[in-house]
Amino acid sequence: HAGAMYSATGVTSPVYMANIRHARQLNAFIRDNGYDAVVCSHLFPMETLTFLRRWERCDVKCCGILSDYACIPFLAETDLDAYFLPHSEVRELCIQAGMPAEKLIVSGMPVAARFLAPMDKAAARAALGLPADKKIYLIMTGGIGCGDAVSLCDAIRRVPGVADARQYTVPVPAAVESVRRGENPDLTTRENALLCVLPGRNEALRQALEDAYHGQGVLTVPFTDQVPAYMHAADVLLSKAGGISSSEAAMLGVPLVHTMAIPGVETENAAFFARHGLSFFARSVDEAARFADRLIYDPACAERMLAAQAAWLPRNGAEQIAAAVTAQ
């Protein structure tokens, strides 16, 4: 909120000042290596290049990629040749912030090809050594392992098991009301479920999960490059609301619950996804558990979400950006 307020004043930000300190070194690197274009996927180098465009000779094409579903604070003070945006709604937000419309290109989010490659659930589970007969809740905490995954696992495990999907034909399933009343049913109702947690590089979080559950119904996975396979294997994904990771999940096609969002841009990402039916946005761990079960035990609800994911997000963002950058 402070960033948004400062950005609205039009005063040069401390973010800009911090990122011009290495401007001349960057300019020399670009010039000495003979690059024709520079593409930035983060605000900080966009700020550095803005300084170079204004005060130094930097004649190469400079472009930025916005990897969130919001006009992030301080983006409007940058001045590049083009900006690639994930969605037309984000373009309108950028125009409202004062950015020139002619520089704003709606390309879709660039996503690695491995998140677009088809794989069925059975094959993914076999490749990862995961059980074929359990409901799998995949919990992702980001590369550095943010959020209280222990409380989230507790919330999922204390929701009573659902033997009949018809319980989930109402907006708030009766099975979840006990959670809101603070009751703690027998956890043996979760014997048909596996909570698979990816704690990233956060070894302390991984150890906390191991200590809490001793592997009983909760599998912790050390930092892995097999995220697409784990997504394919899951019945539902509960994840932070990073712009790129959320796009990867949606383009791969997995029922998605946003939880543990860091206030600010991540909550904007989650709100965008929820508004268009691409995810559920949980404001608490109990709500996250309720949403996850809804997606698992109400197949029609999950299918509607997957259809929205396929309809709303372009799958060729990387190709569109590459074509625009390399065009003469």
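Quick look at the structure, then. (Residues numbered from 1 in each chain as written. Predicted model: local features only at pLDDT ≥ 70, side-chain atom pairs only at ≥ 80, totals over all residues. Heavy atoms only, no water.)

1. Considerations on the pattern of salt bridges
Scanning the model with the defined rule gives 14 salt bridges in all. When the shortest N-O distance is used, the salt bridge between glutamate 56 and arginine 24 registers 3.0 Å. Here glutamate 56 is found in the loop between helix H4 (43-55) and strand E2 (61-65), whereas its partner arginine 24 is found in helix H3 (residues 23-32), with 32 residues between them in sequence. For glutamate 56, a relative accessible area of 26% puts it in the partly exposed group. For aspartate 298, the salt bridge goes to arginine 294, with nearest N and O atoms at 2.9 Å. Comparing aspartate 298 with arginine 294 shows no difference in burial state: the two are buried. (Salt bridge = Lys/Arg side-chain N within 4 Å of Asp/Glu carboxyl O. Helix = DSSP H or I, 4+ residues; strand = E, 2+ residues; numbered from the N terminus. Buried < 20%, exposed > 50% of the residue type's maximum accessible area, 1.4 Å probe, protein only.)

2. Concerning the sheet that holds strand E4 (residues 104-106)
Strand order in the open sheet formed by 4 strands is E1-E2-E3-E4, with parallel pairing between adjacent strands. On the outer flanks of this sheet lie strand E1 (37-40) and E4, each paired with one strand and no other. With strand direction ignored, the average angle separating the axes of adjacent strands in the sheet is 25°. Relative to strand E3 (residues 82-85), E2 runs parallel, the two sharing 3 bridges. Bridged to glycine 64 within E3 is tyrosine 83. Across the sheet, helix H5 (residues 88-96) is in contact with E3 and E4; its angle to E4 comes to roughly 165°. (Pairing = 2+ DSSP bridges. Axes fitted to C-alpha atoms, helices over the stretch in contact; angles between N-to-C directions. Contact = heavy atoms within 4.5 Å.)

3. Remarks on helix H12 (residues 265-275)
When H12 is considered as a whole, its buried residues turn out to be Glu266, Asn269, Ala270, Phe272 and Phe273. The buried residues of H12 all sit within an arc of 160° when viewed along its axis, so they share a single face. Residues of H12 that are buried sit in contact with H5, helix H11 (243-252), strand E9 (256-258) and strand E10 (280-281). In the segment just after H12, glycine 277 is the residue with positive phi, at about 75°. (Arc of directions from axis to C-beta.)

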